[in-house]
Amino acid sequence: MSPEKPQELKKNGLAIFWEEFSRSNFTVIFLAIFTGIFLGGVLVAATTPEVYDAFKVSFFSGIGKAFTTAINTYGALITGAIGNPQKIQAAFASGDALLIRRAINPFFESLVQTTPYIFAGLSVALGFRVGLFNIGAEGQIYIGALTGVWAGYAIPGLPPIIHIPVAMLCGALGGALWGFVPGLLKAKTGAHEVITTIMMNYIAFRLSDWLLKGPMADPNEVTPKTPWILPSAELPQLFEAPIRFHIGFFIALLVAFLVYLLLFKTTWGMELRMVGSNTNAAQYAGINVTSRTVIAMVLAGGLAGLAGANEVLGINHRLIPAFSSGYGFDSIALALLGKSHPLGVVLSALLFGFLRNGARSMQLTVGVPTDIVSILQALILAFIAAPAIIRTIYRLKTPNQNEDIVSLRSWKG
Amino acid sequence: MTISIDTTHAATSKGMRARERRRRLIMGGIFLGAALFIWFVFVANITPGAVTRFLMNPGGASTETADWVFSSGFALNAIAGVLALLGVFQVVRGFGKLTNGILAAVAILFLFGFLTWATSGGQTNLAGLLRVMVVRAVPLTLGALSGILCERSGVVNIGIEGMMLTGAFVSTVFASLSDNLWIGMLSGIIAGGVMGLIHAVLSIKYKINQIISGTVINIFATGITSYLSSKFLQKTAYQFLNEPGMFPQVEIPILSKIPFIGPILFHHNIYVYAMIILVFFLTFMLFKTRWGLRVRAVGEHPKAADTLGINVFKTRYMAVILGGMMAGFAGTYFTLGSSGRFDEVMTAGRGFIGLAAMIFGNYNPIGSMGAGLLFGFFDSLSVKASLLQVPLPSEFLGMVPYLATIIVLAGVVGKGHIPAADGEPYEKE
């Protein structure tokens, strides 16, 4: 990152974002996503037996079949993510409220999937800004869900206006605790946060297995589950069933804005970023690197904890084993794609949320497994992280400035 | 300038002596703590006169060994006494270079004490427990060896999990198609090598952050194996792709007849023997050959190595590809050596425990096998947790490897040796 000039502090967030965005080269990001999607399409076509049958007929019919297969797959993905326009039109024409809700449900369901991505993406992005690699978002999500759901069912007699914030806060605190341990170890002993957060992930999984079977189990259930949370802790849903869209999405946007304010509008945030971009300079400038490292991991953990609490308070209303299914790991790719900027995180969270939701109905309609989304994410991540590949493929000019997407402290801290 | 260097040097050696002293005291404290723990927790919680009965024959063994029955209280007191003596000696004099070995002995004694206590008044199949421990250690140790190959050359590899998964998948398909386990194994190794090559290209050629590169490998491998598996392998029409078969158990003549030890160590399929051979082979290669010296030089000080005419890039490429092949081999264990079929995400985090075993074993093959066996022991114990006489949730036993790794990383028992250039891309000038 270039040294901050005084007048830059006066710029608004959009300008900062745009500056970093354009410096990183919009073309590369676009081409990275495009290439990822293209290769995904090739993979889908290459794994469809009908395509090979068509190739037996003639080369061009094979190519045509491959092309239509890929188009159909992505068509199903998009329809699954935003809804079928014809159905929506027909539903509005009929005027039946339930039909309308069903038709527009895919779009809102995508936003539901986006919400935990925003929280978890902010968690990883905040870590990157401070030069820390938080691979532990997944474990922090689990702990946040555990503490959030506990506050949801174990504290009776509160009105929603108090119960909801308390439960969310409990989730954040649980995640923060899970971030605090690696942060403290990193700051005090130099134990690398990548390894410690991976280990903390697995401790969190085991702990939640045990809690769900034992202390937090619902006595009326045979399988390990927690009791239902009280209605006063449920995040209000804005529409009737089947739409599950709840206010968590707006909380996520608010938190993203707060993270932006913290990072770019406060001295404190500037110090955090300074620790990230040049630890030695920060130390020389009198910033307490130790405390900033711990604080950053606590905040990152808290954000991921919110993702967990959001899921149990807004969607599941209870905790079941293995509920998160990879939000934490996906968010690493997401944060990098979003240039570790809150606005970028929100945008890429939308992309990931729509992909994830679309993939589910894609699997139902055209039989392509949802795992194609992971492949897309891995490809996009690789191309974003190594722009030189994209430049080589598309014969782009090499820029003068450094293209490192993230500056991390050395392996040994 | 000269003066400042001198003072730093003096300060370093002084600091080192202080650190050594601190380490000596902490170690002694751990030994004494283990002794006290046995006295106050284990001995205090057994019924007087209770006996511990260990069964000494794993299921299906061809030898017969009599059960081992002894007084729990006496055994525990004896173990605690030995630990206390070791602790006192460590605090007063210190074992010096032997400290790590003594620590391992203390850990084994302590675990034996734990088992004695947990079995007191009942019985445990000790031989079965240890046999499963050896089996469970295989993927962890092989994963650790993969990590060692990469990291000794200066490339961090957190993609072991993904490389393993790829090896597992590819070996299943090729073994099923060719109806030949060796072809399956070879294909898994090659597939792991290809993943290693991708990791190498991304992190050595394109110099992207090695953690990110490893993450790409993990996400991609999970995605593509699950994709292909649910598209083909799990479908009835393609079931023939998921029937690779398994390597049979090979009984080593004479050695397998040794009472107790024979069935535990010398009656397995080839993966256990391969693990033991590879550990010693890699130790020899790394520390006794010119190739090993080059790999380590590149991992410690690439610039110096380059100056001496070692091709840093080539050495790293080779090490990372070999590391990938090792992880691919570890992956084939899951399908060809353990379950005989491929299931989605079947490695279940073993690659990450392998990474932990590497750190625990201080980037050393033999140490990593020790760590792999230790973690394998807890794995094996957590399966049998319900059979023990004490209520101990299997989840907590499952946590031990991760907690232990965090403790090691935090430097409580002394800082390990991380290759100096680990994780840093090399820029040729």
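None of these values were measured; they are calculated from a predicted model. (Residues numbered from 1 in each chain as written. Chains lettered and ligands numbered in written order. Predicted model: local features only at pLDDT ≥ 70, side-chain atom pairs only at ≥ 80, totals over all residues. Heavy atoms only, no water.)

If you tally the helices and strands in chain B, you get 15 helices and five strands. For 429 residues, the compact-globule formula gives about 22 Å, and the C-alpha radius of gyration of chain B, at 24 Å, lands near that figure. Expressed along its principal axes, the backbone C-alpha trace of chain B runs to roughly 75 × 70 × 40 Å. Relative to its full complement of 429 residues, chain B shows a buried share of 54%. Taking the contacts inside chain B whose residues are at least 6 apart along the sequence as the reference set, 77% of them involve residues at least 24 apart. Carbon and sulfur atoms make up 69% of the accessible area of chain B, which totals about 18,400 Å². Charged side chains of chain B number 30 positive and 19 negative; the gap between the two group centres comes to 9 Å. (Helix = DSSP H or I, 4+ residues; strand = E, 2+ residues; numbered from the N terminus. Rg over C-alpha atoms; globule rule 2.2 N^0.38 Å. Buried < 20%, exposed > 50% of the residue type's maximum accessible area, 1.4 Å probe, protein only. Contact = heavy atoms within 4.5 Å. Areas by Shrake-Rupley, 256 points an atom, 1.4 Å probe, with all protein chains shown as cover. Lys, Arg positive; Asp, Glu negative; His and termini not counted. Charge placed at Lys NZ, Arg CZ, Asp CG, Glu CD.)

All right, on to the overall build of chain A then. What chain A contains, in helices and strands, is 17 helices and zero strands. For chain A, the proportion of contacts with a sequence separation of at least 24, taken over those separated by at least 6, is 76%. If you sum the accessible surface of chain A, you get close to 17,400 Å²; carbon and sulfur atoms cover 67% of it.

This part covers unusual backbone geometry. Positive phi, normally seen in glycine, also occurs at A:H317, with a value near 65°. In this structure, A:H317 sits in the loop between α13 (289-316) and α14 (327-337). In this structure, B:D179 is a non-glycine residue whose phi angle is positive, near 60°.

All names here are of chain A. Going through the model one piece at a time under the given rule, you end up with 44 aromatic pairs over all chains. Taking 5.6 Å as the distance between ring centres and 80° as the angle between the ring planes, the aromatic pair formed by F59 and F60 counts as edge-to-face. Of the two residues, F59 and F60, both sit in the exposed class. Here the aromatic residues F107, F108, F239, F245, F249, F250 and F354 are joined through ring pairs into a cluster of three or more. Over the ring of W228 we find R318, and its NZ or CZ is 4.2 Å from the ring centre. (Phe/Tyr/Trp six-rings, centres within 6.5 Å; stacked < 30°, edge-to-face > 60°. Lys NZ or Arg CZ within 6 Å of the ring centre and 35° of its normal.)

This part covers a nonpolar patch on the surface. Taken together, the side chains of A:F26, A:F30, A:F34, A:F38, A:L39 and A:V42 make up a nonpolar region of the molecular surface, amounting to roughly 590 Å² of accessible area. Within the secondary structure, A:F26 is located in helix α2 (residues 26-46). (Patch = residues over 30% accessible without salt bridge, like charges linked within 9 Å, V, L, I, M, F, W, Y side chains within 5 Å. Salt bridge = Lys/Arg side-chain N within 4 Å of Asp/Glu carboxyl O.)

Residues and elements named next belong to chain B. Ordered in space as β2-β1-β3, the three strands form an open sheet in which the pairing is mixed. A strand with exactly one partner marks an edge of an open sheet, and here the two such strands are β2 (68-71) and β3 (123-125). Direction aside, neighbouring strands of the sheet carry axes that sit 20° apart on average. With three bridges connecting them, strand β1 (residues 51-55) and β3 associate as parallel partners. Bridge pairing in β3 places F54 opposite T124. In the packing of helix α2 (residues 72-92) onto the sheet, contacts are made with β1 and β2, and the angle to β2 comes to roughly 75°. The sheet strands contacting helix α4 (residues 126-152) are β1, β2 and β3, and the helix crosses β3 at an angle near 35°. (Pairing = 2+ DSSP bridges. Axes fitted to C-alpha atoms, helices over the stretch in contact; angles between N-to-C directions.)

Let us now look at the pattern of salt bridges. Working definition: two side chains of opposite charge can pair if their charged atoms are close together. Evaluated as defined, the whole model comprises 16 salt bridges over all chains. For A:R360, the salt bridge is made with A:E109, and the minimal N-O distance between the two is 3.3 Å. Of this pair, A:R360 sits in helix α15 (residues 342-366) while A:E109 sits in helix α6 (residues 97-129), placing them 251 residues apart in sequence. Note on A:R360: relative accessible area 40%, which makes it partly exposed. A residue is classified by how much of its surface remains accessible, and A:E109, at 8% relative accessible area, is buried. Note that B:D379 and B:R350 form a salt bridge whose closest N and O atoms lie 3.9 Å from each other. In this pair, B:D379 is assigned in helix α14 (residues 365-384) and B:R350 in helix α13 (residues 350-360), connecting sequence segments 29 residues apart.

What follows deals with the domain arrangement of chain B. Many structure descriptions define interface size as the accessible area lost when the parts assemble. Residue and element names in this part refer to chain B. What the domain assignment reports for chain B is domain 1 (12-121) and domain 2 (131-409). The partner domain 2 presents 16 residues to the 15 residues of domain 1 that form the contact. Taken together, the connections running from domain 1 to domain 2 amount to zero salt bridges. Between the two partners, domain 1 and domain 2, sit zero residue pairs in polar contact (both at pLDDT 80 or more). Considered class by class, the residues forming the side of domain 1 that touches domain 2 number eight nonpolar, seven polar and no charged. (Domains from an automatic or database assignment. Polar contact = N/O pair within 3.5 Å; in protein donor to acceptor, adjacent residues only side chain to side chain. Nonpolar A, V, L, I, M, F, W, Y, C, P; charged D, E, K, R; others polar.)

With that settled, the discussion passes to the packing of helix α10 (residues 248-265) of chain A against helix α11 (residues 267-277) of chain A. Residue and element names in this part refer to chain A. The N-to-C vectors of α10 and α11 enclose an angle of 75°; their axes lie 5 Å apart at closest approach. If you check the angle between α10 and α11, you find them roughly perpendicular. Contact with α10, carried on its side by L262, L263, F264 and K265, involves T267, W268, G269, M270, L272 and R273 of α11 and no other residues of that element. Classifying every residue of the contact of α10 with α11 by side-chain character gives six nonpolar, two polar and two charged. (Parallel < 35°, antiparallel > 145°, perpendicular 65-115°, else oblique.)

Here the focus is the nonpolar core. Formed by 236 residues in total, the largest nonpolar core has its most connected members in A:L313, A:I372 and B:F377. If you tally residues by element for this core, the top one is α6(A), at 15 residues. Taken together, domain 1 (12-121) and domain 2 (131-409) of chain B each give at least three residues to this core, which thus spans both. When neighbours within four sequence positions are excluded, A:L313 is seen to be in contact with A:G148, A:A167, A:M168, A:I229, A:A233, A:E234 and A:L235. (Core = buried A, V, L, I, M, F, W, Y, C linked by side-chain atoms within 4.5 Å.)

With that settled, consider the confidence of the model for chain B. Of the residues in chain B, 94% have a pLDDT of 70 or more, and the chain-wide mean is 86. Contacts from residues 1-10 of chain B, a stretch scored under 50 in pLDDT, to residues over four places away or in other chains number zero contacts. (pLDDT = per-residue confidence, 0-100.)

This part takes up the packing of α6(A) against α15(A). Residue and element names in this part refer to chain A. Orientation of α6 relative to α15, taken along the N-to-C sense of each, is 135°, at an axis distance of 7 Å. On the basis of their axis angle, the class for α6 and α15 is oblique. Our pair here, α6 against α15, has a crossing hand that is right-handed. Side by side, α6 and α15 meet where P106, F107, E109, S110, L111, Q113, T114, Y117, I118, G121, L122 and A125 of the first sit next to P342, V345, V346, A349, L350, F352, G353, F354, R356, N357 and R360 of the second. Of the residues contributing to the contact of α6 with α15, the split by class is 14 nonpolar, six polar and three charged. (Left-handed = near helix turned anticlockwise from the far one by under 90°.)

Another aspect to go through is the pairing of β1(B). Two faces belong to every sheet, and in a regular strand the side chains alternate between them. Residue and element names in this part refer to chain B. Of the two faces of β1, only the one carrying T52 and F54 is buried; V51, R53 and L55 on the other face are not. For β1 and β2, the ladder comprises four bridges, and the chain directions are antiparallel. Note on β2: the bridge partner recorded for R53 is V69.

For α15(A), spanning 25 residues, the distance from its first C-alpha to its last is 35 Å, which sits close to the expected 36 Å at 1.5 Å a residue. One or two positions beyond α15(A), positive phi appears at A:G367, with a value near 75°. (Expected span 1.5 Å × (residues − 1).)

With that settled, the discussion passes to the interface of chain A and chain B. In this assembly, 49 residues from chain A lie in contact with 45 residues from chain B. Carbon and sulfur atoms make up 78% of the surface buried where chain A meets chain B, a total of about 4,000 Å² over both sides. With its nearest N and O atoms 2.6 Å apart, the salt bridge here joins A:K213 to B:E395. Summed over the shared surface of chain A and chain B, the number is two residue pairs in polar contact (both at pLDDT 80 or more). Elements represented by at least two residues in the side of chain A that touches chain B include exactly α2, α8 (160-189), α9 (193-213), α14, α16 (372-385) and α17 (387-394) of chain A. Looking at which element gives the most residues to the side of chain A that touches chain B, the answer is α9(A), with 13 residues. Its residues placed into classes, the side of chain A that touches chain B shows 35 nonpolar, nine polar and five charged. (Buried area = accessible area lost by both parts, 1.4 Å probe.)

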